[in-house]
Amino acid sequence: MKARTRARGLALQVLYEIDLAGHSPAEVLKERLEDEPLGEELGEFARQIVFGVLPIREQLDIILTKYAPEWPLDQVAIIDRNILRMATWEFAVQKETPVKVAINEAVELAKQYGSDSASRFVNGVLGSLVDHQNEISQVIHTKG
């Protein structure tokens, strides 16, 4: 597994635990990094994802609901919802990851952590967001 993919996987685990159990983000990240040391640069990348996504979760969910209304987020698996949030944050907010890379990485995470159909689902939802990348960025930066 590629190094940045491992960092994304760790960030996903952190976001999942926070969503599921409401634990402290800093504590969960610290524990995950102790369990799976990534090195300074990759640990920082995982931290950026976690603390980039957390403060704008509600806005990301509103965007996901707006552009993918056929998939009610309250019925989406927690793991899939967090994969979608992470990828959307990467390509529309952080903007350091090319869209295709963010989507491919999200699909890989879905294959690894999600159900059998999760990768197709994630690919479909993110595909519907691509054309709205600039609008998503503006909405989050204006309200964020």
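That block above? That's the structure.
Small disclaimer: the values here were computed from a predicted structure and weren't measured.

*Asks:* So what's going on with the overall build of the chain? Residues and values would help.
*Replies:* The secondary structure content of the chain amounts to eight helices and zero strands. For the chain, the succession of helices and strands along the chain, N to C, is α-α-α-α-α-α-α-α. Relative to a compact globule of 144 residues, whose C-alpha radius of gyration would be 15 Å, the chain shows 14 Å and is just as compact. The C-alpha extent of the chain, read off along each of the three principal axes, is 40 × 35 × 30 Å. For the chain, the proportion of its 144 residues judged to be buried stands at 48%. Partitioning the contacts of the chain with sequence separation of at least 6, the portion at a separation of at least 24 is 72%. Taken as a whole, the chain presents about 7400 Å² of accessible surface, with 50% of it coming from carbon and sulfur. Taking the 16 positively charged and 22 negatively charged side chains of the chain as two groups, their mean positions are separated by 4 Å.

*Asks:* So what's going on with the packing of helix H4 (residues 57-67) against helix H5 (residues 78-94)? Residues and values would help.
*Replies:* Helix packing geometry: the angle between the two helix axes and the distance between the axes. It is the contact of H4 with H5, at a shortest axis distance of 10 Å, that shows an interaxial angle of 95°. Classified by the interaxial angle, the pair formed by H4 and H5 is roughly perpendicular. Along the contact surface, H4 presents Arg 57, Leu 60, Asp 61 and Leu 64, while H5 presents Arg 81, Leu 84, Arg 85, Thr 88 and Trp 89. Taken together, the residues that form the contact of H4 with H5 break down as four nonpolar, one polar and four charged.

*Asks:* Please give an account of the nonpolar core that cites residues and values.
*Replies:* The nonpolar side chains of a soluble globular protein tend to be buried with one another. Core analysis: the biggest nonpolar cluster contains 49 residues, and Met 86, Val 122, Leu 126 and Leu 129 have the highest contact counts within it. The element that contributes the greatest number of residues to this core is H5, accounting for nine residues. Beyond its immediate sequence surroundings of up to four residues, Leu 126 is in contact with Leu 84, Ala 87, Thr 88, Phe 91, Ile 103 and Ala 106.

*Asks:* Account for the side chain of Gln 94, with residues named and values stated.
*Replies:* Positionally, Gln 94 belongs in helix H5. The contact partners of Gln 94, leaving out residues within four places of it in the chain, are Phe 45, Gln 48 and Trp 89.

*Asks:* Summarise the side chain of Thr 97; cite the residues concerned and give the values.
*Replies:* With respect to the secondary-structure elements, Thr 97 resides in the loop between H5 and helix H6 (99-113). Within polar-contact distance, the side chain of Thr 97 engages the side chain of Glu 90 at 2.6 Å. Not counting residues up to four positions away in its chain, the partners in contact with Thr 97 are Arg 4, Arg 8, Glu 90, Phe 91 and Ala 102.

*Asks:* Tell me about unusual backbone geometry, residues and numbers included.
*Replies:* Even without being a glycine, Lys 95 presents a positive backbone phi close to 60°. Looking at the element boundaries, Lys 95 is found in the loop between H5 and H6.

*Asks:* Residues and numbers for the environment of Trp 89, please.
*Replies:* Position of Trp 89 relative to the elements: it lies in helix H5. Under the relative-accessibility criterion, Trp 89 is labelled buried at 7%. A sequence separation of 47 residues divides Trp 89 from Ile 136, and the C-alpha atoms of the two residues are 9.4 Å apart. The contacts of Trp 89, once residues within four sequence positions are left out, are Gln 48, Ile 49, Gly 52, Val 53, Ile 56, Leu 60, Gln 94 and Lys 95.

*Asks:* Let's hear about helix H2 (residues 25-35): which residues, and what values?
*Replies:* Side chains of residues three or four places apart in an α-helix project in the same direction, reflecting 3.6 residues per turn. Taken as a whole, H2 has its buried residues at Val 28, Leu 29 and Arg 32. One side of H2 holds all its buried residues, which, seen down the axis, span an arc of 95°. Buried-residue contacts for H2 involve helix H1 (3-21) and helix H3 (40-53).

What counts, and where the lines are drawn
- Each residue is numbered by its place in its chain's sequence as written, counting from 1.
- Reporting of local features is limited, given that this is a predicted model, to residues whose pLDDT is at least 70; pairs of side-chain atoms are given and counted only at 80 or more, and all residues count toward the totals for whole chains, interfaces and linings.
- Only hydrogens and water are set aside; all other atoms, that is, all heavy atoms of the structure, feed into the side-chain values.
- Helix and strand assignments follow DSSP, with helices taken as H or I runs no shorter than four residues and strands as E runs no shorter than two, numbered in order from the N terminus.
- Throughout, radius of gyration means the C-alpha value; the globule benchmark is 2.2 Å times the number of residues raised to the power 0.38.
- Using a 1.4 Å probe on the protein chains alone, a residue whose accessible area is under 20% of its type maximum counts as buried, one over 50% counts as exposed, and one in between counts as partly exposed.
- In this description, contact between two residues means that some pair of their heavy atoms is separated by no more than 4.5 Å.
- Values of accessible area rely on a 1.4 Å probe in the Shrake-Rupley scheme; residue burial ignores everything except the protein chains shown.
- Residues scored as charged are limited to Lys and Arg (positive) and Asp and Glu (negative), so that His and the chain ends carry no count.
- Taken as the charge location is NZ of Lys, CZ of Arg, CG of Asp or CD of Glu.
- With axes taken as lines fitted to C-alpha atoms, and helix axes fitted only over the stretch in contact, angles between N-to-C directions fall between 0 and 180 degrees.
- Comment on the angle field: the value is read as roughly parallel under 35 degrees, roughly antiparallel over 145, roughly perpendicular from 65 to 115, and oblique elsewhere.
- Residue type decides the class: Asp, Glu, Lys and Arg count as charged, Ala, Val, Leu, Ile, Met, Phe, Trp, Tyr, Cys and Pro as nonpolar, and the leftover types, Gly among them, as polar.
- Only buried residues count toward a nonpolar core. Its members are Ala, Val, Leu, Ile, Met, Phe, Trp, Tyr and Cys residues joined through side-chain atoms within 4.5 Å.
- As used in this structure description, the phrase polar contact means that two N or O atoms lie within 3.5 Å; if the pair is within protein, one of them must be able to donate a hydrogen and the other to accept it, and residues adjacent in sequence are counted only when both atoms belong to side chains.
- The directions considered for the arc are those from the helix axis to the C-beta atoms.

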